[in-house]
Amino acid sequence: PPPPPAGGAPPQISMPGQAGRGAPPPFPGQVGMVPGMPPPGMPPQFMQPPSQQPPPPPPQQQPPQGGAPPPPPVGGAGGAPPPQAQQAPAAPVVNASGLFSEQDWVAKAGATVQLKIVTPSEEDNAKFNFDGRTVTVSCQSMSSVKALKEQLQEQLGGLAANKQKITSGKHGVLKDNMTLASYNFSNGDSLTVATKARGGKR
């Protein structure tokens, strides 16, 4: 018999038909196996599931310091400017005589006014229709007393405006340069007309 190899390792005996072959053939059922699936004949509980990591938790919003909610954006939604607060209308101005200003009175009573002009009953001045009649005139509230006299001239038989004297029970003799609104006349107020005496006194 041949001498044993050095080292004392037993010789490898090649089996007939294995010459030139590589790794041993796989066991039956291992061909075409899917990773993670148990081989045929193994219970499912021995299957190793593929490693999965749980999804990260959603980020939590930190509340602002102090506990108060954040203020809304300036201008509101869409960038529209905030509505402006309406200013209260100014209070009417009243003078020392307790009368409203001309502008405030026109806004309160209207732009036109109807007045009743009462004539005296005088036989000597019958030509001026001074028979106690009442004449109704309509004029602008901002008209002057002089303009009112000129409007009455035709209805008073041609009595000139500078010869008329108009008085009010509340204001006395009216001044030509004052407006009807400055006296706060309203619809239906009564005035009295008369003639001026010589020297402007009567």
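Residues numbered from 1 in each chain as written. Predicted model: local features only at pLDDT ≥ 70, side-chain atom pairs only at ≥ 80, totals over all residues. Heavy atoms only, no water.

### Description of the overall build of the chain
Regarding its fold elements, the chain presents two helices and five strands. Here the chain holds 202 residues, and the buried ones make up 20% of them. When contacts within the chain are restricted to residue pairs at least 6 apart in sequence, those whose partners lie at least 24 apart make up 59%. A total of about 15800 Å² of accessible surface is found on the chain, and carbon and sulfur atoms cover 57% of it. (Helix = DSSP H or I, 4+ residues; strand = E, 2+ residues; numbered from the N terminus. Buried < 20%, exposed > 50% of the residue type's maximum accessible area, 1.4 Å probe, protein only. Contact = heavy atoms within 4.5 Å. Areas by Shrake-Rupley, 256 points an atom, 1.4 Å probe, with all protein chains shown as cover.)

### A look at the pairing of strand β1 (residues 112–118)
Alternating residues of β1 divide into Val 113, Leu 115 and Ile 117, all buried, and Thr 112, Gln 114, Lys 116 and Val 118, none buried. Bridge analysis of β1 against strand β2 (residues 134–140) gives seven bridges, and the strand direction is antiparallel. When the bridges of β2 are listed, Val 118 appears paired with Thr 134. Examined bridge by bridge, β1 and strand β5 (residues 189–195) share four bridges and lie parallel to one another. Across the sheet, Val 118 pairs through a bridge with Thr 192, a residue of β5. (Pairing = 2+ DSSP bridges.)

### Examining the nonpolar core
Core analysis: the biggest nonpolar cluster contains 20 residues, and Leu 115, Ile 117, Leu 148, Leu 152, Leu 180 and Leu 191 have the highest contact counts within it. Those elements giving two or more residues to this core turn out to be β1, β2, α2 (145–152) and β5. Discounting residues that sit within four places of it in the chain, Leu 191 has contacts with Leu 115, Lys 116, Ile 117, Val 118, Leu 148, Ile 166, Thr 167, Ser 168, Leu 174 and Phe 185. (Core = buried A, V, L, I, M, F, W, Y, C linked by side-chain atoms within 4.5 Å.)

### A word on the pattern of salt bridges
By the definition in use, this model includes two salt bridges. Where Arg 133 meets Asp 131, a salt bridge forms, and the shortest distance between an N and an O atom there is 2.9 Å. In this structure, Asp 176 engages Lys 149 in a salt bridge whose closest nitrogen and oxygen atoms are separated by 2.8 Å. Here Asp 176 is found in the loop between β4 (172–173) and β5, whereas its partner Lys 149 is found in helix α2, with 27 residues between them in sequence. Judged by its relative accessible area of 2%, Lys 149 falls in the buried class. (Salt bridge = Lys/Arg side-chain N within 4 Å of Asp/Glu carboxyl O.)

### Some details on the packing of aromatic side chains
Enumeration according to the criterion identifies three aromatic pairs in this entry. Consider the rings of Phe 100 and Trp 105, whose centres lie 6.1 Å apart with planes at 25°: the pair is stacked. Overall, Phe 100 belongs to the partly exposed group, its relative accessible area being 23%. Owing to a relative accessible area of 9%, Trp 105 belongs among the buried residues under this scheme. (Phe/Tyr/Trp six-rings, centres within 6.5 Å; stacked < 30°, edge-to-face > 60°.)

### Some thoughts on the side chain of Ser 141
Topologically, Ser 141 is positioned in the loop between β2 and α2. A polar atom in the side chain of Ser 141 sits 3.0 Å from the backbone oxygen of Gly 110. Excluding residues that lie within four positions of it along the chain, Ser 141 makes contacts with Val 106, Gly 110, Ala 111, Thr 112, Val 113, Thr 179, Leu 180 and Ala 181. (Polar contact = N/O pair within 3.5 Å; in protein donor to acceptor, adjacent residues only side chain to side chain.)

### Some details on the side chain of Ser 182
The topology assignment puts Ser 182 in the loop between β4 and β5. Within polar-contact distance, the side chain of Ser 182 engages the backbone oxygen of Thr 179 at 2.5 Å. Ignoring sequence-local partners within four residues, the contact set of Ser 182 consists of Leu 99 and Glu 102.

### Re unusual backbone geometry
Unusually for a residue other than glycine, Asn 129 sits at a positive phi of about 60°. In this fold, Asn 129 is placed in the loop between β1 and β2. The phi dihedral of Asn 184 is positive, around 60°, even though this residue is not glycine. Residue position: Asn 184 is located in the loop between β4 and β5.

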